[in-house]
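# Structural characterization, general
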Amino acid sequence: MMRLLMTTDAVGGVWQYSLELAAALGAEVTLAVLGPAPDADQRAAAEAARVRLVETGLPLDWLSDGPAPVLAAGEVVARLAHEVGAEVVHLNAPALAVARFAQPVVAVNHGCLGTWWDAARGGPVDPALAWLPELVGQGLRAADRVVAPTRAYAEATARRYSLPVTPAAVHNGRTAKPLPAAQPFHGALTVGRLWDEVKDTATLDAAAALLDAPVVAVGATRAPHGATVTPAHLQATGPLPAEIIGHWLARRPVFTSAARFEPFGLAVLEAAQAGCPLVLSDIPTFRELWDGAATFVAPGDAQGFADAVAGLLAEPARHAALGQAARQHAARYTPAATADRMAEIYRDALSRRTQAA
């Protein structure tokens, strides 16, 4: 049985990714948690997944104010990998790969400031923040293998960081949640970081103004760094617990995302698993994942989003058919499929390091 050290954090989607992957791998996994400590429910989930949890108290790179804390955190993680006897290290924060690891390192780029900046702003990164993409690039180039959650995002990562080899694309997986019986919701739903400009809340807000049906928006409207968005037409709920989001999905609204940039989109996958019809921005990531099982609209086209949602709400048979198509398509994105591919990459990284020794 392979011994694996994996880094994670308890504040975003990487937590669920890490737990589900660890449970599906059939390996001896130590999860090193950076950033805020997990809550009681998260600790219970880790115990159920039969992983060893190490709460390091180390800072997350994107919440650090410079490279020094991240470099120090990398060295601590490297020592931890030695202490637990890891054969392979899986870093969900690629910047940590700059440290001196005795084991082969697989770095997974779930999302980063550099590629976000390319999509949101273009041009050079703000000088006050440029240290982070620089460190991420160093980590990606230092890793034995690099992984991204879609081919589209792998290509964006390779372009941004001038990588000699395009990262391997390994689609994320998620276990479908059992959903309660619920009355259908005659409206639309979006879930995500509403404050994030690449999610393009403004387009969905403008689309909501053109619809006679409600558009519910679940997620934070204020960023950790203070940026805010104030939708005028969306019914913004703020963040909601996963259980409540599940109740919304069980009502099978039209699920929509106007994102201009998305490395994968776990909220879309969860909606598809629930049988919600999908109306998505026509960006490479969504085309890769959902072509044939979603309605696509040009990014920024508020009228197009409104028309697509209104059309589905007016045609119950098509609403149901596209919801079923999304559910069937989602069945390919499982933790087991992710684990099978990641296990191949771990073995390859270990083999390469052994041959080079």
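Fair warning: this is a prediction, and the values are worked out from it, not measured in the lab.

### Description of the overall build of the protein
When helices and strands are tallied, the protein shows 13 helices and 13 strands. Burial status across the protein gives 54% buried among its 357 residues. Long-range pairs, those at least 24 residues apart, make up 67% of the contacts in the protein between residues at least 6 apart in sequence. Separation between the mean location of the 28 positive side-chain charges and that of the 34 negative ones in the protein comes to 4 Å.

### With respect to the pattern of salt bridges
Counting across every chain of the model gives 16 salt bridges. Taking the shortest distance from any N to any O, the salt bridge between Glu55 and Arg43 comes out at 2.7 Å. One end of the pair, Glu55, is in strand β3 (residues 52–55); the other, Arg43, is in helix α2 (residues 40–48), with twelve residues separating them in the sequence. Judged by relative accessible area, Arg43 falls into the partly exposed class, the value being 36%. Its salt-bridge partner being Glu315, residue Arg318 comes within 3.5 Å of it at the nearest N-O pair. Its relative accessible area of 40% is what places Glu315 among the partly exposed residues. Three or more residues joined by partner-sharing salt bridges are found here, namely Glu20, Arg174, Lys177 and Glu270.

### Brief notes about the packing of aromatic side chains
Following the criterion strictly, the structure yields five aromatic pairs and no others. Considering the side-chain rings of Phe185 and Trp248, the 5.1 Å spacing of their centres and the 85° angle between planes classify their relative orientation as edge-to-face. Residue Phe185 is located in the loop between β7 (168–169) and β8 (188–191), and its partner Trp248 is located in helix α8 (residues 242–250); the two are separated by 63 residues in the primary sequence. Each member of the pair, Phe185 as well as Trp248, carries the same accessibility label: buried. On the basis of an interplanar angle of 75° and a centroid distance of 5.5 Å, the ring pair of Trp290 and Tyr333 is categorised as edge-to-face. One end of the pair, Trp290, is in helix α10 (residues 284–290); the other, Tyr333, is in the loop between α12 (316–330) and α13 (335–356), and 43 residues separate them in sequence. Trp290 gets classed as buried once you look at its relative accessible area, which sits at 1%. Assessed through its relative accessible area of 4%, Tyr333 is described here as buried. Taken together through their ring pairs, the aromatic side chains of Phe264, Trp290 and Tyr333 make up a single cluster.

### Observations concerning the sheet that holds strand β5 (residues 105–108)
Read from one edge to the other, the open sheet built from seven strands follows the order β3-β2-β1-β4-β5-β6-β7, with strand pairing classed as parallel. In this open sheet, the two edge strands, each paired with only one partner strand, are β3 and β7. Bridge analysis of strand β2 (residues 28–34) against β3 gives four bridges, and the strand direction is parallel. Bridging from a neighbouring strand, Val33 pairs with Glu55 of β3.

### Examining the packing of helix α4 (residues 113–120) against helix α6 (residues 151–161)
Two quantities define a packed helix pair, namely the angle between the helix axes and the distance between the axes. Contact geometry of α4 with α6 gives a least axis separation of 9 Å together with a crossing angle of 95°. Looking at the two axes, α4 sits roughly perpendicular to α6. Two secondary-structure elements touch here, α4 through Gly114, Thr115 and Asp118 and α6 through Tyr153, Ala156, Thr157, Arg160 and Tyr161.

### Thoughts on the sheet that holds strand β10 (residues 235–238)
Read from one edge to the other, the open sheet built from six strands follows the order β10-β9-β8-β11-β12-β13, with strand pairing classed as parallel. Only two strands of the sheet have a single neighbouring strand rather than two, namely β10 and β13 (295–297). Going from strand to strand, the sheet's axes swing by 25° on average, the running direction of each strand aside. Of the strand pairs in this sheet, strand β12 (residues 278–281) and β13 are connected by three bridges, and their pairing is parallel. Bridge assignment links Ser281 to a residue of β13, and that residue is Val297. Contacts from helix α11 (residues 302–314) reach β8, β11 (254–257), β12 and β13 within the one sheet, and its direction differs from that of β12 by about 170°.

Calculation rules
- Along each chain, numbering runs from 1 in the same order as the chain's sequence is written.
- Predicted model: local features are reported for residues with pLDDT of at least 70 only, side-chain atom pairs are reported and counted for 80 or more only, and whole-chain, interface and lining totals are derived from all residues.
- To get the side-chain values, take all heavy atoms of the structure and skip hydrogens and water.
- Secondary structure elements follow DSSP: runs of H or I no shorter than four residues count as helices, runs of E no shorter than two count as strands, and numbering proceeds from the N terminus.
- Summary of the burial criterion: residues with accessible area below 20% of their type's maximum are buried, those above 50% are exposed, and those between are partly exposed, where the area comes from a 1.4 Å probe applied to protein chains only.
- Any pair of residues with heavy atoms lying within 4.5 Å of one another is described as a contacting pair.
- Asp and Glu are treated as the negative residues and Lys and Arg as the positive ones, with His and the ends of the chain left uncounted.
- For the purpose of locating charges, the reference atoms are NZ of Lys, CZ of Arg, CG of Asp and CD of Glu.
- Here, a salt bridge means any Lys or Arg side-chain nitrogen found within 4 Å of an Asp or Glu carboxyl oxygen.
- Aromatic rings from Phe, Tyr and Trp, with only the six-membered ring used for Trp, were paired whenever their centres fell within 6.5 Å, and each pair was classed as stacked if the ring planes differed by under 30 degrees, edge-to-face if by over 60, and tilted otherwise.
- In this scheme, strands are said to pair when DSSP sees at least two bridges between them.
- Orientation is described by lines fitted to C-alpha atoms, with helices fitted over the stretch in contact, and by angles between N-to-C directions that extend from 0 to 180 degrees.
- Roughly parallel means an angle under 35 degrees; roughly antiparallel, over 145; roughly perpendicular, 65 to 115; everything else is oblique.

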